[in-house]
Amino acid sequence: MGTFGTAALSSMEDQLPWFRRMPADQRSWIGLVAQAGIAAFVEWFKSAERTRPAIAGEVFGTAPRELMRSIKLKHTIDMVRVIIDVVETRLDDLAAPGGEAQLREAILRYTRDVAFGAAQVYAQAAETRAAWDARLEALVVNAVLRGEVDDGMHSWAAALGWTSKPVTVIAGHTPEDEDPEVTIDQMQLAARRARADVLAGVQGHRVIVIVGGNSDPMAAARPVAAKCGPGPVVVGPQVGDLYDSTLSARAALAGLRAAAGWPDAPRPVEATELLPERALDGDEEARRYLVEQVYNPMLAAGAPLLDTLTTYLEQGSSLEATARLLFVHPNTVRYRLRRVAELTGLAPTDGRNAFTLRIALVLGRFADRPARA
């Protein structure tokens, strides 16, 4: 057995460049695997029954698990092929007189089982890694939703190979009557085609997707939205990295809850487009944003601006009616409305923006009302 094992190692060094580059300790383990394979074949051939050999335990069980991480399945098949060649070149030394054909047939049968056994070992290892990766992925998504974005969570993400920046969180619903694992696999495949990284998790009927490596959140969301079930798909604001992803997740989930208030919302839709619905639904972050980023800049610009916007909205967006009530020229109204758009990014002449401005006015006045005992 030692002679054949040495010959097999020598042949691998001559024929397999990747084997020559391996550390000495790993090459020695491979030598033990080769010897174990030859010894197992001899014992199997000597057996009268010749049942199917326990390849995983007898051959591959010799090497430590760490070796499997260094040797790919293709390399294992190359090793088996070299060992077969070594054995076949020495059939005369192994076979009894006249038994060469019988031995060659036995070698073919045994090596076939070795190949299937190797595939089974690697398949089981792949399934184990996939299950562990899925568990880590679920832990990362749950940590983001709970706001527990610490170094531990980053370690989990790093174990999954996550290094992407910037980051966007997308929320939608799972397809009906579909396995959650299938949904996640399809989203990951769609994201890879779009050259984006994805971490996804399913919680009940919701699917949460963390997308990284794409500077355009909506472009990243479209392939994901195509794999979601019926209903809205909401895209949270883009953030710098995974540490800030909780902000994007909160906005996306709040938008998903409030999207029922805007049945005609596009799919996907940005969470910022749903600010008025979110505010009406009790989302404090949306209320704060509308007050601080929409109402307060207009308030700081002066009372005429607020009066003009209020009158314009109350008069059904009529320039002439607004100008008559304020005793100003229609061009003055136009100028003030343009000023509102410059300060807030919302054009009062647009129906959807007008709705957002109206909600911001109400919330701002709530914030400005005097405290009462």
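Residues numbered from 1 in each chain as written. Predicted model: local features only at pLDDT ≥ 70, side-chain atom pairs only at ≥ 80, totals over all residues. Heavy atoms only, no water.

Asks: Sorry if this is basic, but what is going on with the overall build of the protein chain here?
Replies: Secondary structure summary: the protein chain contains 18 helices and 5 strands in total. A total of 373 residues make up the protein chain; the buried ones form 44% of that total. Across the protein chain, every contact between residues at least 6 apart in sequence was considered, and the portion connecting residues at least 24 apart equals 67%. As presented, the protein chain carries roughly 20100 Å² of accessible surface, and 51% of it is formed by carbon and sulfur atoms. (Helix = DSSP H or I, 4+ residues; strand = E, 2+ residues; numbered from the N terminus. Buried < 20%, exposed > 50% of the residue type's maximum accessible area, 1.4 Å probe, protein only. Contact = heavy atoms within 4.5 Å. Areas by Shrake-Rupley, 256 points an atom, 1.4 Å probe, with all protein chains shown as cover.)

Asks: Mind showing me how you'd approach the pairing of strand β3 (residues 206-212) here?
Replies: In summary, the side chains of a regular strand alternate between the two faces of the sheet. With 6 of 7 residues buried, β3 lies mostly within the body of the structure. Where strand β1 (residues 167-173) lies against β3, 7 bridges are found, and the strand directions are antiparallel. Within the sheet, the bridge partner assigned to V169 lies in β3 and is I210. Sheet topology note: the strand β2 (residues 197-203)/β3 ladder contains 7 bridges and is antiparallel. Across the sheet, the residue bridging to L199 is I210, located in β3. Taking the residues that link successive antiparallel strands as the turn, the β2-β3 hairpin has 2 residues, and the phi of G204 there is positive, at about 65°. (Pairing = 2+ DSSP bridges.)

Asks: Can you help me understand the nonpolar core in this one?
Replies: For soluble globular proteins, nonpolar side chains are generally found buried alongside one another. Counting 28 residues, the largest nonpolar core has M153, W162, I208, I210 and L242 as the members making the most contacts within it. The set of elements that each furnish at least two residues to this core consists of α8 (100-146), α9 (151-159), β1, β3 and α12 (245-258). With residues up to four places along the chain from it excluded, the contact list for I208 reads V141, L145, V169, I170, A171, L199, A200, G201 and L253. Core analysis: the next-biggest nonpolar cluster, separate from the first, contains 25 residues, V294, L337, L357 and I359 among them. (Core = buried A, V, L, I, M, F, W, Y, C linked by side-chain atoms within 4.5 Å.)

Asks: It is not clear to me how the sheet that holds strand β5 (residues 269-270) should be interpreted in this structure. Could you clarify?
Replies: Overall, mixed pairing links the 5 strands, which are arranged β2-β3-β1-β4-β5 in an open sheet. Two strands bound the open sheet, and with one partner strand each, they are β2 and β5. Helix-sheet contacts for helix α10 (residues 180-193) involve β2 and β3, and the interaxial angle to β2 is about 160°. Across the face of the sheet, helix α11 (residues 217-225) comes into contact with β1, β3, β4 (234-235) and β5 while running at roughly 35° to β1. (Axes fitted to C-alpha atoms, helices over the stretch in contact; angles between N-to-C directions.)

Asks: Whenever I open this one, unusual backbone geometry confuses me. Can you help?
Replies: Glycine aside, residues mostly have negative phi angles, and peptide bonds mostly take the trans form. With an omega of 0°, the peptide bond between R267 and P268 qualifies as cis. You will see that S317, though not glycine, has its phi angle at about 65°, which is positive. Taking the relative accessible area as the measure of exposure, S317 reaches 37% and is therefore partly exposed. If you check the backbone angles, F327 has positive phi at about 60° while not being a glycine. Position of F327 among the secondary structure elements: in the loop between α16 (319-326) and α17 (330-344). The exposure class of F327 is exposed, given its relative accessible area of 76%.

Asks: Please explain the pattern of salt bridges as it appears in this structure.
Replies: Two side chains that carry opposite charge are able to pair once their charged atoms sit near each other. Counting across every chain of the model gives 5 salt bridges. Ionic pairing is found between R278 and D283, a salt bridge with its closest N-O pair at 2.8 Å. The pair formed by R278 and D283 is uniform in burial state, with each residue classed as buried. R339 serves as the salt-bridge partner of E342, at 3.3 Å between the closest nitrogen and oxygen. One end of the pair is E342 and the other is R339, both in helix α17 and 3 residues apart, which spans about a single turn. (Salt bridge = Lys/Arg side-chain N within 4 Å of Asp/Glu carboxyl O.)

Asks: Explanation requested: the side chain of R278 in the structure shown.
Replies: Secondary-structure assignment places R278 in helix α13 (residues 275-280). For R278, a relative accessible area of 4% puts it in the buried group. Leaving out residues up to four positions away in the same chain, R278 has contacts with A251, A254, G255, A258, A271, T272, D283 and A286.

Asks: Honestly, the environment of E342 in this entry has me stumped. Any pointers?
Replies: Exposure remark for E342: the relative accessible area of 58% places this residue in the exposed category. With 44 residues separating them in the primary sequence, E342 and M298 have C-alpha atoms 10.0 Å apart.

Worth remembering: the numbers are spatial, not functional.
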